[in-house]
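# Survey of secondary and tertiary structure
Residues per chain, in single letters:
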Amino acid sequence: MATTQTTADQSHRGTALITGASSGIGAIYADRLARRGYDLILVARNRERLDTLAGRLTSETGRSVEVVAADLARDADVRRLETLLREDASITLLVNNAGIGAAAPLLQSDVDKMEAMIALNVTALTRLTYAVAPAFVARGTGAIINIASIVAVAPELLNGVYGGSKAFVLAFTQSLQHELAASGVRVQAVLPGATRTDFWEVAGHSVDNLPQAWVMSAADMVDASLSGFDQGEVVTIPSLPEAADWQAFEAARAALGPNLSRSEPAARFKAAAA
Ligand code: NAP
């Protein structure tokens, strides 16, 4: 687990834009990144909470902290941020953290709410990444941290649209890594397990009703994820004791590769057809 930095004497690392910074995981990223020497652009809908956090971090770290109130489920607000990401050359890190979940089973969920979840968890994250990645590639530096979830690989645990949205974030990040590996740009997908934040109330399930052995504090989650980032991980699962277990999972996926696309159906299907 990484040690939390408590001093404000880090060298300047450019500006980190963090979505969903008004609470929970995003607010901890803001704290940690300011202490690591980043100036910040904090994005969420609740301006009052963002202003309070910005005031505290400015006085504690001396960093410049800007606030942008935006609803990332709204196309116009996303496009405003895209312009900022394309034009502000001081931005060196994008943390795509804003997201909502749901605990209700698929068939008991309102499809309009599911679509709104996709707009935030998938569409906004994709558009913001598209806005900033070309500038990072052109400069040969920069980093994108995408907050996924363990449901990306365990979609049966919570609402299936939520799991699908986070599987998208994982696959999108792995594909980005594949394309950007030689460009000098870093990408990381973070797959938190249950983390004690407002997420659970918003999703309609109290975090207090979960087995507490499953629940990590947001501070521990973010510190572990930043440690994973420092160690060069592309996928970080903060609670996973053995990195080798993830590597074995990935090796099993890679082993499918040669047989995923062939000119002939597999023999067992031909036998069934005959
Ligand atoms: P949280 O405390 O509820 O934070 C969610 C953040 O997203 C808030 O800052 C919220 O701010 C912002 N947000 C929500 N809707 C938004 C919108 N339409 N436009 C802009 N910002 C919006 O929950 P959290 O746990 O920190 O969640 C952060 C990320 O972690 C999410 O992507 C979530 O899926 C992921 N995650 C959480 C857990 C967990 O157990 N907590 C586990 C795995 C993954 P405003 O309300 O001010 O807009």
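Predicted model only: the values in this text are computed from it and were never measured.

## Quick notes on the site of the ligand
Neighbouring residues of the ligand: 30 residues in total, closest R45, N97, Y162, T195 and T197. D71 is positioned such that a nitrogen or oxygen atom in its side chain is 2.8 Å from a nitrogen atom of the ligand. Within the side chain of K166, a nitrogen or oxygen atom sits 2.9 Å from an oxygen atom of the ligand. Contact with the protein chains removes 94% of the 880 Å² of surface that the ligand exposes when unbound. Looking at the shell around the ligand, the elements with two or more residues in it are α1 (24-35), α5 (160-180) and α6 (199-203). Grouping the constituent residues of the shell around the ligand by class yields 15 nonpolar, eleven polar and four charged.

## A look at the pattern of salt bridges
Under the criterion given, the structure shown has 17 salt bridges. Note that R49 is salt-bridged to D198, the shortest N-O span being 3.3 Å. Of this pair, R49 sits in helix α2 (residues 47-61) while D198 is found in the loop between β7 (195-196) and α6, placing the two residues 149 residues apart along the sequence. Residue R49 is classed as partly exposed on the basis of its relative accessible area of 40%. Here D198 falls in the partly exposed class, since its relative accessible area comes to 38%. Salt bridges linked by common partners bring D31, R32, R35, R56, E60 and D223 together as one network.

## Quick look at the side chain of S225
Examined against the element boundaries, S225 turns out to sit in helix α7 (residues 218-230). Overall, S225 belongs to the buried group, its relative accessible area being 0%. Contacts of S225, omitting those with residues within four sequence positions, involve Y29, Q188, V190, T236 and P238.

## A closer look at the nonpolar core
Among the nonpolar cores identified, the biggest contains 35 residues, and L17, V43, L72, L81 and L85 are the most heavily contacted of them. Breaking this core down by element, the ones donating at least two residues are β2 (39-44), α3 (75-87), β4 (91-96), α4 (111-139), α5 and β6 (186-190). For this core, the element with the highest residue contribution is α4, accounting for eight residues. Ignoring any residue separated from it by four or fewer positions in sequence, one finds L85 in contact with L17, I91, L94, L128, A131 and V132. In this structure, A34, L57, V222 and F229 belong to the second largest nonpolar core, which totals 32 residues.

## Here we look at the side chain of Q174
Tracing the backbone shows Q174 in helix α5. Given a relative accessible area of 18%, Q174 falls into the buried group. Setting aside residues no more than four positions away along its own chain, Q174 makes contact with V235, W246, E250 and R253.

## Overview of empty space enclosed by the protein
What the rule picks out here adds up to two cavities of 30 Å³ or more. Roughly 50 Å³ of volume is contained in the second largest cavity. What lines the second largest cavity is simply T19, L72, N96, N97, A98, L120, A124, L125 and L128. A total of four residues in the lining of the second largest cavity trace back to one element, the largest contributor, which is α4. Taken together, the residues of the lining of the second largest cavity sort by class into six nonpolar, three polar and no charged.

The rules behind each value
- Residues numbered from 1 in each chain as written.
- Predicted model: local features only at pLDDT ≥ 70, side-chain atom pairs only at ≥ 80, totals over all residues.
- Heavy atoms only, no water.
- Near = heavy atom within 4 Å.
- Polar contact = N/O pair within 3.5 Å; in protein donor to acceptor, adjacent residues only side chain to side chain.
- Areas by Shrake-Rupley, 256 points an atom, 1.4 Å probe, with all protein chains shown as cover.
- Helix = DSSP H or I, 4+ residues; strand = E, 2+ residues; numbered from the N terminus.
- Nonpolar A, V, L, I, M, F, W, Y, C, P; charged D, E, K, R; others polar.
- Salt bridge = Lys/Arg side-chain N within 4 Å of Asp/Glu carboxyl O.
- Buried < 20%, exposed > 50% of the residue type's maximum accessible area, 1.4 Å probe, protein only.
- Contact = heavy atoms within 4.5 Å.
- Core = buried A, V, L, I, M, F, W, Y, C linked by side-chain atoms within 4.5 Å.
- 1 Å grid on protein atoms, 1.4 Å probe; cavity = no way out; pocket = protein on both sides within 12 Å on 5 of 7 lines; lining within 4 Å.
- Points joined across faces, edges and corners; volume = space filled by probe spheres on them.

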